[in-house]
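Architecture at a glance
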Amino acid sequence: MGLIYSKKIIKGSFFTSRTDKEVYFVKDALIETDDNGEITKIINPADQDYQRTLEDAKENKQLVETRDDEYVLPGFIDLHVHAPQWPQAGLALDQPLNEWLEQYTFPLEAKYQDLEFARKSYRHLTRNLVKNGTTTALYFGTIHEDANLILAEECQHVGQRAFIGQVVMDNPEQTPKYYRDSSTKEALNKTIDFIKQIRTLYQDSDLIQPVVTPRFVPNCTDEALEGLGQIAKKFDVLVQSHCSESDWEHGYAIERFGKTDTEVLKQYGLLNEKSVMAHGTLLTEANMDTFKDEKAAIAHCPISNAYFGNAVLPTRKLLERKIKVGIGTDISGGFSSSMYRNIQQALISSRMLEDGVDAQKPAAERGVAGARISAKQAFYMATIGGAEALHIRAGQIKVGFKADLQIVRDELSAISSNASQDVFERLMYQTNADNISKVFVSGKLVDHK
Ligand SMILES: [Zn+2]
């Protein structure tokens, strides 16, 4: 089932991050992609071979042209998505986390044993994410292995790069009877089998990877956490879970283990450079140091955190300390599947953290000084931050990187400033699925308007 990618030249002006402080802009570049879906050359108008390359591409019908009001960006990397929760996006967000899980989320996830329903829901979600410019996603599936394999099929079918987790939740004290792994042994066996199946089925594809996925500490027994740490090491796969997401969840680990989530995950071999942990809103200073030392990544889910996180993740501090951090939509703790919407919320939340929110306090005591991030930093997290967390050569328009790209239209171009800095900020704030004209994954067109 290997995909054959064809050589292309995309002619367009592009923005790409290089560091969290700068966004690089090139006007009217030629971005060359090869049969492996990688960017092999970037040619600027001043370069000697520009005209000849452009003419050759036209003649060979390999040219993808963009309009003057269109720009090329790296595709976004959604670092935390619960694929099965898509049908309830935006529902019951007024509930506390544990009640939201028990009354809404677990009953919905249990429905995925119905494979027809799984197919329908996963097809809808993967199409939606790609239309929104999300070229890679790190997914939680459910406890149903067959449904998770269907999610993989739908990602492959739509052409999205996907990391998919067979969810483990075996702790009878924290999971409902109707939605729980029947035993620890079975949960671990299903994880191993899922890893093997994905690796066999998609050995010729560069799109689909399995991920070890303890749902979160409260849902797992000690034996499951220990077993999953060993499986992750043995099969050398990524690990994803949640970490210090809310007061309740952060407090749960302390009560059960006498230590924080971060320390528990580390103890079981689940926190290292292959790990992506969602939320982290309640991380202590010492926990942050552990993330840095272990090179583990945090998936910042700013919309979801506003509902369930009980605090604002200090993203600026994490970036300054060189802790890996990307952005996740956290469907459906977050209501929006758009990474743009989450970039915007990451910016807004950081401003509210800096200023504080309680007007009854003096201004100087209200917030956390120096907490705000820039649009460049949010864009960096949505691209390079995610790519570093997942160890993929994507998230940048750069030679040797995957041609995972989105072409977006600037709706205000005719009536506003077209200075590159202004265009960049406008794109971050104004883009939605309707003005994303084309999306490429590994150089293959996966969506167009
Ligand atoms: Zn989550």
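Residues numbered from 1 in each chain as written. Predicted model: local features only at pLDDT ≥ 70, side-chain atom pairs only at ≥ 80, totals over all residues. Heavy atoms only, no water.

As annotated in an unreviewed UniProt entry, the protein chain carries the name Guanine deaminase and comes from Pediococcus stilesii. UniProt's Catalytic activity (unreviewed entry) comment on the protein chain is quoted here verbatim: "guanine + H2O + H(+) = xanthine + NH4(+)". (UniProt positions renumbered as here; feature names shortened; annotations may be inferred.)

Our focus in this paragraph is the nonpolar core. Tyr-139, Ile-164, Ile-208, Val-212, Phe-291 and Met-428 are the most contacted members of the largest nonpolar core, which has 91 residues in total. Among the domains, domain 1 (8–74 + 396–445) and domain 2 (76–390) are the pair contributing at least three residues each to this core. (Core = buried A, V, L, I, M, F, W, Y, C linked by side-chain atoms within 4.5 Å. Buried < 20%, exposed > 50% of the residue type's maximum accessible area, 1.4 Å probe, protein only. Domains from an automatic or database assignment.)

Let us look at the packing of aromatic side chains. Summed over all chains, the structure comprises 15 aromatic pairs. Summarising the aromatic geometry, the rings of Phe-76 and Phe-379 are spaced 6.2 Å apart at their centres and angled 80 degrees between planes, so their arrangement reads as edge-to-face. In this pair, Phe-76 is assigned in strand β6 (residues 76–82) and Phe-379 in helix α14 (residues 375–390), connecting sequence segments 303 residues apart. The residues Phe-76 and Phe-379 share a single accessibility class, namely buried. With a centroid separation of 6.4 Å and 45 degrees between ring planes, the pair formed by Trp-248 and Tyr-252 is classed as tilted. With Trp-248 and Tyr-252 both in helix α7 (residues 247–257) and four residues apart, the pair spans about one turn of that helix. (Phe/Tyr/Trp six-rings, centres within 6.5 Å; stacked < 30°, edge-to-face > 60°. Helix = DSSP H or I, 4+ residues; strand = E, 2+ residues; numbered from the N terminus.)

Strand order in the open sheet made by the eight strands is β6-β7-β8-β9-β10-β11-β12-β13, with parallel pairing throughout. Pairing within the sheet leaves two strands with one partner each, and these edge strands are β6 and β13 (325–327). Pairwise comparison of adjacent strand axes, ignoring direction, gives a mean angle of 25 degrees for this sheet. Relative to strand β7 (residues 134–140), β6 runs parallel, the two sharing five bridges. Across the sheet, the residue bridging to Phe-76 is Thr-134, located in β7. Most of the contacts of α14 go to β6, to which it runs at about 70 degrees, and overall it touches β6, β7, β8 (161–168), β10 (238–243), β11 (275–279), β12 (297–300) and β13. (Pairing = 2+ DSSP bridges. Axes fitted to C-alpha atoms, helices over the stretch in contact; angles between N-to-C directions. Contact = heavy atoms within 4.5 Å.)

What follows deals with a nonpolar patch on the surface. Judged by side-chain polarity, Ile-348, Met-352 and Val-357 come together as a nonpolar surface patch covering roughly 290 Å² of accessible area. Structurally, the position occupied by Met-352 is in helix α12 (residues 339–355). (Patch = residues over 30% accessible without salt bridge, like charges linked within 9 Å, V, L, I, M, F, W, Y side chains within 5 Å. Areas by Shrake-Rupley, 256 points an atom, 1.4 Å probe, with all protein chains shown as cover. Salt bridge = Lys/Arg side-chain N within 4 Å of Asp/Glu carboxyl O.)

Along its sequence, the protein chain is organised into domain 1 (8–74 + 396–445) and domain 2 (76–390). Spacing between the C-alpha centres of domain 1 and domain 2 amounts to 30 Å. Counting from both sides, the interface comprises 30 residues of domain 1 and, opposite them, 25 residues of domain 2. For the pairing of domain 1 and domain 2, the buried interface totals around 2,300 Å² over both sides, and the portion due to carbon and sulfur atoms is 61%. Where domain 1 touches domain 2, the interface holds two salt bridges. Asp-404 serves as the salt-bridge partner of Arg-161, at 2.9 Å between the closest nitrogen and oxygen. On the surface where domain 1 and domain 2 come into contact, there are seven residue pairs in polar contact (both at pLDDT 80 or more). Looking at the side of domain 1 that touches domain 2 residue by residue, the classes come out as 15 nonpolar, nine polar and six charged. (Buried area = accessible area lost by both parts, 1.4 Å probe. Polar contact = N/O pair within 3.5 Å; in protein donor to acceptor, adjacent residues only side chain to side chain. Nonpolar A, V, L, I, M, F, W, Y, C, P; charged D, E, K, R; others polar.)

This brings us to the pattern of salt bridges. In total, this model carries 24 salt bridges according to the counting rule given. The shortest N-O distance in the salt bridge between Asp-49 and Lys-41 comes to 3.5 Å. Lys-449 is the partner of Asp-447 in a salt bridge, and the nearest nitrogen-oxygen pair spans 3.3 Å. For Asp-447, a relative accessible area of 4% gives the class buried. Among the charged side chains, a network of salt bridges with common partners joins Arg-119, Arg-123, Glu-153 and Glu-154.

Most of strand β9 (residues 208–214) sits inside the fold, with six of its seven residues counted as buried. Looking at chain direction, β9 and β10 are connected through two bridges and run parallel. What sits directly across from Val-211, in β10, is Leu-238. As for the winding sense of the linkage, the β-α-β connection from β9 through helix α6 (residues 222–235) to β10 is right-handed. (Right-handed = clockwise from strand over helix to strand, strands pointing away.)

Here the zinc ion is held by the protein donor atoms His-80 (NE2), His-82 (NE2) and His-242 (NE2), which lie 2.0 to 2.1 Å from it. Donor residues binding the zinc ion come from one chain and are separated in sequence as H-x1-H-x159-H. Across this residue pair, the class does not change: His-80 and His-82 are buried. (Donors = N, O, S within 2.8 Å, 3.2 Å for Na, K, Ca; no water.)

Note that the residue after Ile-331, namely Ser-332, is joined by a cis bond; omega there is 0 degrees. Residue position: Ser-332 is located in the loop between β13 and α12. You will see that Ala-92, though not glycine, has its phi angle at about 60 degrees, which is positive. Within the secondary structure layout, Ala-92 lies in the loop between β6 and α2 (97–110). A relative accessible area of 14% places Ala-92 in the buried class. Within the chain, Ser-442 stands out as a residue other than glycine whose phi angle is a positive 50 degrees. Position of Ser-442 relative to the elements: it lies in the loop between β15 (436–441) and β16 (444–448). The class for Ser-442 is buried, based on a relative accessible area of 0%.

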